[in-house]
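What the coordinates show
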Amino acid sequence: MSTRDHVPPLIVPADFSRRLFWDIDPAALDLDRHRKYVVARVLEYGTLDDWRLLLRRFALTEIIATAQTLRTLDPKALSFLSVLGNVPRDSFRCYALKQSMPTPWNS
């Protein structure tokens, strides 16, 4: 079998840490249909092993493109993806939304 014929093993939700999906049944989760949910959970609550699984399932460019559409994202995760993908932070929706939110006068 040549390298072109190599098919990566199928990644299923049960492969990720159980704590990522505490509020749903992972068996009902479709990684493609619920990509935004999965990417957000791995970036915010996942372990290094979860990140590696995510990279095996989706290309880095897909992960970044998905993260760019998220309304909220932890600032550390945002910086991590920005540096890793060499993408400006202001290209992320969560960054633009955060900047437009007024700061309360007493904070």
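Above this note sits the structure.
In short, a report on the structure. Every chain's residues receive numbers from 1 upward, in the order its sequence appears when written. In keeping with the model being predicted, local features are shown solely for residues with a pLDDT of at least 70 and side-chain atom pairs are shown and tallied solely at 80 or more, while totals for entire chains, interfaces and linings include all residues. Working from all heavy atoms in the structure, the side-chain values ignore hydrogens and water.

**Let's talk about the overall build of the protein**
To be explicit about the condition: We count a stretch as a helix when DSSP gives it H or I for four or more residues in a row; a strand needs E for two or more, and each element gets its number in order from the N terminus. Under the scheme applied here, a residue whose accessible area is under 20% of the maximum for its type counts as buried, over 50% as exposed, and between as partly exposed, the area being computed with a 1.4 Å probe on protein chains only. Note on contacts: a residue pair qualifies if any of its non-hydrogen atoms lie within 4.5 Å across the two residues. Each accessible area is a Shrake-Rupley result for a 1.4 Å probe, and residues are judged covered by the shown protein chains and nothing else.
Each helix and strand in the protein was counted, giving five helices and zero strands. Ordering the α and β elements of the protein from the N terminus gives α-α-α-α-α. Looking at the 107 residues of the protein, the share that counts as buried comes to 31%. The long-range fraction of contacts in the protein, counting pairs at least 24 apart against all pairs at least 6 apart in sequence, stands at 44%. Total accessible area on the protein stands at roughly 7400 Å², and carbon and sulfur atoms take up 56% of it.

**A closer look at the pattern of salt bridges**
Here is the rule we go by: A pairing counts as a salt bridge when a side-chain nitrogen of Lys or Arg comes within 4 Å of a carboxyl oxygen of Asp or Glu.
Going through the model one piece at a time under the given rule, you end up with five salt bridges. Measuring nitrogen to oxygen at the nearest pair gives 2.9 Å for the salt bridge that ties D23 to R41. Pair noted here: D23 is in the segment before α1 (35-45) and R41 is in helix α1, with a separation of 18 residues, a long-range link. The exposure class assigned to D23 is partly exposed, which follows from its relative accessible area of 44%. Two residues, R35 and D32, come together in a salt bridge whose shortest N-O distance is 3.8 Å. Of the residues examined, R35 reaches a relative accessible area of 23% and is grouped as partly exposed. Counted as one network, the salt bridges with shared partners bring together D32, R35, R57 and E62.

**Structural notes on the nonpolar core**
Put simply, the rule is: Throughout this description, the term nonpolar core refers to a set of buried Ala, Val, Leu, Ile, Met, Phe, Trp, Tyr and Cys residues connected via side-chain atoms within 4.5 Å.
If you look at the biggest cluster of nonpolar residues, it comprises 26 residues, and the most contacted ones within it are F16, L43, L54, L73, L81 and F92. Secondary structure elements with two or more residues in this core: α1, α2 (48-57), α3 (60-67) and α4 (75-85). The leading source of residues in this core is α1, at five residues. Once residues within four sequence positions are removed from consideration, L43 is found in contact with W51, A67, L73, A77 and L81.

**Description of the packing of α1 against α2**
The criterion, for reference: For every element, the axis is a line fit to its C-alpha atoms; helices are fit only across the contacting stretch, and the angle between N-to-C directions ranges from 0 to 180 degrees. Orientation labels follow simple angle bins: below 35 degrees gives roughly parallel, above 145 gives roughly antiparallel, 65 to 115 gives roughly perpendicular, and whatever is left gives oblique. Left-handed describes a crossing in which the near helix is turned anticlockwise from the far one by less than a right angle; the clockwise case is right-handed. The nonpolar class holds Ala, Val, Leu, Ile, Met, Phe, Trp, Tyr, Cys and Pro. Asp, Glu, Lys and Arg form the charged class, and all remaining residues, Gly among them, are polar.
Contact geometry for α1 and α2: axes closest at 9 Å, N-to-C directions at 150°. With respect to their mutual orientation, α1 and α2 come out roughly antiparallel. Crossing geometry of α1 relative to α2 is assigned as left-handed. Seen from α1, the contacting residues are V38, V39, V42 and L43; seen from α2, they are D50, W51 and L54. Partitioning the contact of α1 with α2 into residue classes produces six nonpolar, no polar and one charged.

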